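Notes for the structure review
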Amino acid sequence: HIKLLLTSVQLGQALATEDTQAIVTECVNRVMHNPNAILWLTRLKSNDDYTAEHCINVSLLAIALGHHMGLEQWELENLGICGLLHDIGKMNVADEILNKPGPLTAEEFAEMAKHPLYGKKLLMERSDIYLGAVDVAYNHHERLDGKGYPRGLDASKISLFTRIVTI
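Before going into details, it helps to say that this report is about the structure given with it.

Attention now moves to the packing of helix H5 (residues 73-85) against helix H9 (residues 131-139). The relative placement of two packed helices comes down to the angle between their axes together with the axis-to-axis distance. Their axes nearest at 8 Å, the elements H5 and H9 cross at an angle of 40 degrees. Between H5 and H9, the angle falls in the class oblique. Our pair here, H5 against H9, has a crossing hand that is right-handed. Between H5 and H9, the contacting residues are Ile 81, Cys 82 and Leu 85 on the first element and Gly 132, Ala 133, Val 136 and Ala 137 on the second.

Spelled out as structure tokens, the structure:
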């Protein structure tokens with residue numbers, strides 16, 4: 001489902017927010033009813049591309065951390081959506097940069113560093129998306145010391161959900 005979701009966005013199709021919600025709700029239910037599920041789900045290897053697998057893993061780990069922190073079910077579902085969509089902007093980064101096996105050049109890194117802005121723009125096009133997902137997609141490379149990107153925000157301007165997804 002995640003691979004189809006990311007592929008449809010890459011092809012310029014509308015983001016299927018209902019499918020996203022259903023996937024995250026199922027993940028929350030599985031983590032809440034079987035905390036050990038997180039361990040094997042994040043270790044699953046499949047033919048999905050790296051970004052799809054990474055997004056699933058981030059979503060599941062964020063839900064698990066949020067559950068440990070005592071967040072409510074509805075908060076866990078929103079947090080899961082944030083984790084699932086945090087790297088959606090990578091769909092607008094050229095494959096040769098995204099999948100480059102070695103280090104990126106300065107120019108390539110500059111392009112890769114635009115993925116939070118691309119993600120923000122993609123998600124802002126949707127009126128039915130949880131707005132926290134926009135915040136997380138845009139800010140998940142910010143750092144508490146203000147040395148992150150794209151805006152160099154410090155700890156006082158980084159939301160709880162962004163902090164959790166970043167971890």
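For the rest of this paragraph, the subject is the environment of Phe 109. The topology assignment puts Phe 109 in helix H7 (residues 106-112). For Phe 109, a relative accessible area of 42% translates into the label partly exposed. Through-space distance from the C-alpha of Phe 109 to that of Leu 98 is 9.7 Å; in sequence the pair is 11 residues apart. Excluding its chain neighbours within four sequence positions, the residues that come into contact with Phe 109 are Leu 104 and Tyr 149.

Here H5 spans 18 Å end to end across 13 residues, near enough to the 18 Å set by a 1.5 Å rise per residue. Across the 13 residues of H5, 10 count as buried, placing the element largely inside the fold. Among the residues of H5, Leu 76, Glu 77, Asn 78, Leu 79, Gly 80, Ile 81, Cys 82, Gly 83, Leu 84 and Leu 85 are the ones counted as buried.

In this section: the packing of aromatic side chains. Evaluation of the coordinates by the stated rule reveals 2 aromatic pairs. Ring geometry for Phe 109 against Tyr 149: centres 5.8 Å apart, planes inclined by 75 degrees, an arrangement best described as edge-to-face. Of this pair, Phe 109 sits in helix H7 while Tyr 149 sits in the loop between H9 and helix H10 (160-166); the two residues are 40 residues apart in sequence, bridging distant segments of the chain. The ring of Tyr 138 carries Lys 120 above its face, with NZ or CZ at 4.5 Å from the centroid.

Moving on, we get to the pattern of salt bridges. Using the criterion set out here, one finds 3 salt bridges in the structure. Where Asp 87 meets Lys 90, a salt bridge forms, and the shortest distance between an N and an O atom there is 3.3 Å. One exposure class covers both Asp 87 and Lys 90, and it is buried. The shortest N-O distance in the salt bridge between Glu 111 and Lys 114 comes to 3.5 Å.

Parameters and conventions
Residues numbered from 1 in each chain as written. Predicted model: local features only at pLDDT ≥ 70, side-chain atom pairs only at ≥ 80, totals over all residues. Heavy atoms only, no water. Axes fitted to C-alpha atoms, helices over the stretch in contact; angles between N-to-C directions. Helix = DSSP H or I, 4+ residues; strand = E, 2+ residues; numbered from the N terminus. Parallel < 35°, antiparallel > 145°, perpendicular 65-115°, else oblique. Left-handed = near helix turned anticlockwise from the far one by under 90°. Contact = heavy atoms within 4.5 Å. Buried < 20%, exposed > 50% of the residue type's maximum accessible area, 1.4 Å probe, protein only. Expected span 1.5 Å × (residues − 1). Phe/Tyr/Trp six-rings, centres within 6.5 Å; stacked < 30°, edge-to-face > 60°. Lys NZ or Arg CZ within 6 Å of the ring centre and 35° of its normal. Salt bridge = Lys/Arg side-chain N within 4 Å of Asp/Glu carboxyl O.

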